[in-house]
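If you want the building blocks of each chain, they are given just below.
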Amino acid sequence: MFKTLLHKTLLTALLILMGGLAAVAQQYVAKGTTLNFKVEENAAYKYHWSVTHTTKGEVAYLPSNTFESGDYQFNDAGTYEVKVYPEDLGTYCFGEALTMLVVVDEATPTAVFEELEVPYVCSQNNGDDVNSKLSVTVNYEGPKPWTFKYSVDRDPAVMPEGADEIYTNTFDFEIEIRNESGKQKTSEILLVEAKTISGIPVEEDLDNQTLFVNVYALPTTEFVDYEPVIQAGTLQAYTARVEFQENYEIFVPDGAVVMNESTVLESDDFHKLLSFDVQWGNTTGDYQVKLIERNNFDCAGDTVFANVKVVESFSVSLGDDLSFCAGESRTLTPVMDLDGDYSFLWSDGSTEPTLTVSENGTFSVTVTDAISGKQSTASVNVTLLEAPVVDLGPDYQLADAEILTLDAQNAGLDYLWSTTETTQTIQVNTSGTYSVTVTNANGCSASDEIVVSSLSDVFAINLGEDQDICEGDEFVLNPNPSLSQNYTYLWSNGAATSTLTVSESGTYWVTVRDEAENKQTDTLVITVHPLPIVDLGDDLVLYDGETATLDAGEEGLNGSYEWNTGEDSQTITVSEENVYTVLVTNEFGCYSTDEISVIKKEGHKFTVDLGGDPSPICEGDSIYLEPGIDREFASEATYRWIPSESTEKGIFVSQTGKYCVEVTDPYGNTEGDCIELTVNPSPEVDLGEDLVLNNGETVELDAENIGSTYMWFVDSDIDIKPSAIEQIIEVSETGEYRVEVTNEYSCTARDTINILFGGSQFSVDLPTAFSPGSNKEDNKVLKLFGDTEEIKEMSLIIYNRLGHKVFQANYNVGWDGTYKGQNLDMDAYVYFLKVTFSDGGQFQKQGNVTLIR
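Residues numbered from 1 in each chain as written. Predicted model: local features only at pLDDT ≥ 70, side-chain atom pairs only at ≥ 80, totals over all residues. Heavy atoms only, no water.

**As for the overall build of the chain**
Within the chain, the regular secondary structure consists of 1 helix and 74 strands. Projecting the C-alpha coordinates of the chain onto the three principal axes gives extents of approximately 155 × 110 × 70 Å. Counting across all 853 residues of the chain, residues that qualify as buried make up 37%. By sequence separation, contacts in the chain at least 24 residues apart represent 58% of the contacts at least 6 residues apart. When the accessible surface of the chain is totalled, it reaches about 47600 Å², and 46% of it is carbon and sulfur. Put simply, the chain has 44 plus and 143 minus side-chain charges, and the middle of one group is 19 Å from the middle of the other. (Helix = DSSP H or I, 4+ residues; strand = E, 2+ residues; numbered from the N terminus. Buried < 20%, exposed > 50% of the residue type's maximum accessible area, 1.4 Å probe, protein only. Contact = heavy atoms within 4.5 Å. Areas by Shrake-Rupley, 256 points an atom, 1.4 Å probe, with all protein chains shown as cover. Lys, Arg positive; Asp, Glu negative; His and termini not counted. Charge placed at Lys NZ, Arg CZ, Asp CG, Glu CD.)

Here's what the structure looks like:
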């Protein structure tokens, strides 16, 4: 009973300590792997561990007596049994052994991509285009099961479906890559996180764990214009933008027919505007017109949709019923909910698009669609409200000392006289024009006026009260003589007209004379007030979460603000895309308006910084430009350099000019920065060919480049004294002479010349190329040729293009194109040769040799 219970207790407790993974019935690892096993701890037991190599029969008893085995390294390939025996500390009885098999492979696992059959693929679209699916194969060798992920263009790694636990050596899957850049791009596919389920990583082999595929650009297709709600049975026009190849297909619902297709090339010489008509059927409902475009490589773009609602017929409205005062009129205008070519028939028989009404009644209109023949009718009720009738009687002439009573009649209504009195009657005893406005309970008004004169009166004039007007306005001054007779006028500016139009501040007077030389003078002050200054600033761009405060100015304005949002404060805070307008009115009624467009963009605002203009560089040098961005994006930004049109994140530049970068975030928002680079000329230094001197002979070395600074060296960078800084030096000893010339821009150039002492009757040289795989024995190894038997001493050093020494010899043994036993790549290598012959003559040479494979 104890054995059975103990066995059941431990059966689910065995764990292998590799990344915390639960143990499986059989574990695969590579040779050299160290594992640590454990079971569920129970203080009443101690444990006995053993590891058996089943092929060799070798058993290792582990020293641990605890629930944990301790580390054990599997150094030989083969199959092992790991066993643990529980022992009860009270009874000293053993339970059943728990066993796990461990299979050890000889080598570290490997996983590599299989080379693509076709390194081209179409961009992913919103459909299911087979041409956008890239078939990829991963070949694996090693313990199983295994798993892996892949990354496209360094995006977060993705695990293919079914790759979480693989028991085969080959795994096939498909990848889709989206390319909205408008041009072909090369994408990088990396094999990442490849490992056994137990956690053993595969051997790194970047060259074979990387694929490059050319992704064709996604065709850019969009609907430009169409009517979203239409009548059944009508012909409707659609426009869309496609690429110039015109390889597109239009899909319409059953019962609809595409007609009259045509295209026009747009100004970018790449897109065309596609126009077509659809004859719709008579079935109402919600439908879609679909458009799919393919490029020259048979790559399909996104399917774009025009959502269309088909209704039985249009509707017409004349609005709400109308009430207005008798004597007034209103214009009825029918409003249709769909565009079309309509004709009208009104209830009075007229056929104009509008009807003017001024009577009580019900008025209707029948609208007919000229294309479909369908009709719709609307009506409106018109009620005329009663208006008062006002009659002050004919003009009247007062007798001496007479008082006239003026009666507006219409008892019980509201009255307003030109004298500002508000009673039904007023009394007057002087000449003048008197008027009254009477308003009833319906809000309807009527007015009348009467001219009252007197034979004994001298005429009177009145320019009115002083006036405040606004900058840009005009005001007409009128003395309004009280009697109807002939007059002459003289204004303060010399004008002789009956009225005077003014637009500037000032005091204006007029003298009016009648035929009897009676005269009257009046004065008026005009004050012109400036318009309020309103400036909402330049149009704004707001990103997600941003707000802006719009300020209509001026501070302390004693007036009013009217925004198209309904607000009436000096400032408002906005966060939505709109065109905002404000009307600002000052205390004198002068007003100004302004508007500002606020554009809303997804994402967050960011700035791009190239760091300002760099310091000038020298000809032959280059600098690396990479923009700094003050915000991290959820996905990769895109880059466009000008003028190179490069789309890399950073570029090297080496020429004078202006360089700009545009950075576009994942939401399509673009910001940029520019710098200007100056490249100064470097000196050109040429000391000529190597020279051989005779005994006692000297030679001048000229670094040229007058006005520069110079530093001469000989053998191992030893300064030459005392002429180390002169343009021209005189030498009489052998050696390798080098000069560094620095011009006024601090740009430096160098050259080297070898001076040999004494000639020799012997000569040697090296080939310009050799091939270790050649069939010709004399071309397999790079060796000196010529009078090689007369060589007393020699030194041959060879460097690769990175300046690393790959070969050195002090005798003519020859170079086989290897370094530390490894074949070097086919390339050009630089050599330095120095030879002393048996007759004491010397020979030095520097040159290039090509390794061919």
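Once you've had a look at it, read on.
**Overview of the sheet that holds strand 34 (residues 414–417)**
Judged by pairing direction, the sheet is mixed, and its 4 strands sit side by side in the order 32-37-36-34 without closing on themselves. With partners counted over all chains shown, the strands left at the sheet margins are strand 32 (396–398) and strand 34, one partner each. Neighbour to neighbour, the strand axes of the sheet diverge by 25 degrees on average, direction disregarded. (Pairing = 2+ DSSP bridges. Axes fitted to C-alpha atoms, helices over the stretch in contact; angles between N-to-C directions.)

**Comments concerning a negative patch on the surface**
Negative charge collects at one region of the surface, where Asp686, Glu689, Asp690, Glu700, Asp702, Glu704 and Glu730 lie side by side. Structurally, Glu704 is set in the loop between strand 60 (699–702) and strand 61 (709–714). What makes Glu704 partly exposed here is its relative accessible area of 43%. (Patch = residues over 30% accessible without salt bridge, like charges linked within 9 Å, V, L, I, M, F, W, Y side chains within 5 Å. Salt bridge = Lys/Arg side-chain N within 4 Å of Asp/Glu carboxyl O.)

**Observations regarding the environment of Leu477**
Its place among the elements puts Leu477 in strand 39 (residues 475–477). On the accessibility criterion, Leu477 (0% relative accessible area) is buried. With sequence-adjacent residues up to four places away left out, Leu477 is seen in contact with Leu463, Trp491, Ser498, Thr499, Leu500, Val502, Tyr508, Leu524 and Ile526.

**Overview of the pattern of salt bridges**
In the structure shown here, the tally under the stated rule is 25 salt bridges. Between Glu193 and Lys149 there is a salt bridge whose closest N-O contact spans 3.5 Å. Here the residue Glu193 occupies a position in strand 14 (residues 185–196), and Lys149 occupies one in strand 12 (residues 146–152), the gap between them amounting to 44 residues. On the basis of relative accessible area, Glu193 is assigned to the partly exposed category, the value being 45%.

**Notes on the sheet that holds strand 44 (residues 540–542)**
An order of 44-49-48-46 is seen for the 4 strands of this open sheet, with the pairing classed as mixed. The sheet terminates laterally at strand 44 and strand 46 (560–563), the two strands that pair on one side only. Across the sheet, the axes of successive neighbouring strands diverge by a mean angle of 25 degrees, strand direction being ignored. Sheet topology places strand 48 (residues 578–585) next to strand 49 (residues 591–600); 8 bridges connect them, and they run antiparallel. The partner of Val582 across the bridge, within strand 49, is Asp594.

**Re the nonpolar core**
Residues Phe148, Phe173 and Ile189 are the most contacted members of the largest nonpolar core, which totals 25 residues. Excluding anything up to four places from it in sequence, Ile189 contacts Phe113, Leu134, Tyr150, Ser151, Val152, Ile175, Ile177, Gln209, Thr210, Leu211 and Val213. Counting residues in each nonpolar core, the second largest holds 21 residues, with Val764, Leu766, Tyr829 and Leu851 among its members. (Core = buried A, V, L, I, M, F, W, Y, C linked by side-chain atoms within 4.5 Å.)

**Quick word on the confidence of the model for the chain**
Here the chain averages 87 in pLDDT, while 94% of its residues score no lower than 70. The least confident element of the chain, judged by mean pLDDT, is helix 1 (residues 2–11) at 29; the most confident is strand 13 (residues 170–175) at 96. Confidence drops under pLDDT 50 across residues 1–24; counting only partners more than four residues distant or on other chains, this segment forms 48 contacts. (pLDDT = per-residue confidence, 0-100.)

**Describing the environment of Thr383**
Take Thr383: it is sitting in strand 31 (residues 375–385). On the accessibility criterion, Thr383 (38% relative accessible area) is partly exposed. When the C-alpha atoms of Thr383 and Leu322 are compared, they prove to be 6.3 Å apart, with 61 residues separating the residues in sequence. Once residues within four sequence positions are removed from consideration, Thr383 is found in contact with Leu322, Ser323, Phe324 and Asn360.

**Considering the state of the cysteines**
For the structure on display, the rule yields 5 disulfides. Bridging Cys470 to Cys590, the disulfide has an S-S length of 1.9 Å. Between Cys470 and Cys590, the S-S dihedral sits near -100 degrees, and the bridge is therefore left-handed. In this pair, Cys470 is assigned in strand 38 (residues 467–470) and Cys590 in the loop between strand 48 and strand 49, connecting sequence segments 120 residues apart. Disulfide pairing is shown between Cys618 and Cys747; the S-S distance is 2.0 Å. Its torsion about the S-S bond being -90 degrees, the disulfide of Cys618 and Cys747 is classed as left-handed. Note that Cys618 is positioned in strand 51 (residues 617–618) and Cys747 in the loop between strand 64 (735–742) and strand 65 (748–757), a separation of 129 residues in sequence. Both residues of the pair, Cys618 and Cys747, belong to the buried class. Disulfide connectivity for the chain, with bonded cysteines indexed by sequence position, reads 1-2, 3-4, 5-6, 7-10, 8-9. (Disulfide = S-S within 2.5 Å.)

**Points about the layout of surface pockets**
Of the volumes computed, that of the largest pocket is approximately 1400 Å³. Lining the largest pocket are 33 residues, with Asp153, Lys185, Glu636, Ala637 and Thr638 sitting closest to its centre. What lines the second largest pocket is a set of 21 residues, and nearest its centre among them are Glu736, Thr752, Asn754, Phe832 and Gln844. Of all the secondary structure elements, the ones that give two or more residues to the lining of the second largest pocket are strand 61, strand 64, strand 65, strand 69 (791–799), strand 73 (827–837) and strand 74 (842–851). Here the element with the most residues in the lining of the second largest pocket is strand 65; it accounts for 4 residues. Within the lining of the second largest pocket, the residues separate by chemical class into 7 nonpolar, 6 polar and 8 charged. (1 Å grid on protein atoms, 1.4 Å probe; cavity = no way out; pocket = protein on both sides within 12 Å on 5 of 7 lines; lining within 4 Å. Points joined across faces, edges and corners; volume = space filled by probe spheres on them. Nonpolar A, V, L, I, M, F, W, Y, C, P; charged D, E, K, R; others polar.)

**With respect to the side chain of Ser69**
Turning to its location among the elements, Ser69 is positioned in strand 6 (residues 68–74). Engagement of the side chain of Ser69 in a polar contact is seen with the side chain of Asn36, the distance being 3.3 Å. Beyond its immediate stretch of four places on either side in the chain, Ser69 contacts Asn36, Phe37, Trp49, Leu62 and Ser64. (Polar contact = N/O pair within 3.5 Å; in protein donor to acceptor, adjacent residues only side chain to side chain.)

**So, the pairing of strand 4 (residues 45–53)**
Across the 9 residues that make up strand 4, a large majority, 7, are buried. Where strand 4 and strand 7 (residues 78–88) come together, 9 bridges link them in antiparallel fashion. Each bridged residue has a counterpart across the sheet, and for Tyr45 the counterpart in strand 7 is Asp88. Here strand 4 runs beside strand 5 (residues 58–61); their pairing, made up of 4 bridges, is antiparallel. Among the inter-strand pairings, Val51 is bridged to a residue of strand 5, identified as Ala60. Connecting the antiparallel pair strand 4 and strand 5 is a turn made up of 4 residues, with Gly57 showing a positive phi of about 80 degrees.

**With respect to the packing of aromatic side chains**
Each aromatic ring pair is summarised here by two numbers: the centre-to-centre distance and the angle between the ring planes. Under the definition given, this model contains 22 aromatic pairs. With a centroid separation of 4.2 Å and 5 degrees between ring planes, the pair formed by Tyr140 and Trp146 is classed as stacked. Through pairs of rings, three or more aromatic residues link up here, namely Tyr140, Trp146, Phe148, Tyr150, Phe171 and Phe173. (Phe/Tyr/Trp six-rings, centres within 6.5 Å; stacked < 30°, edge-to-face > 60°.)

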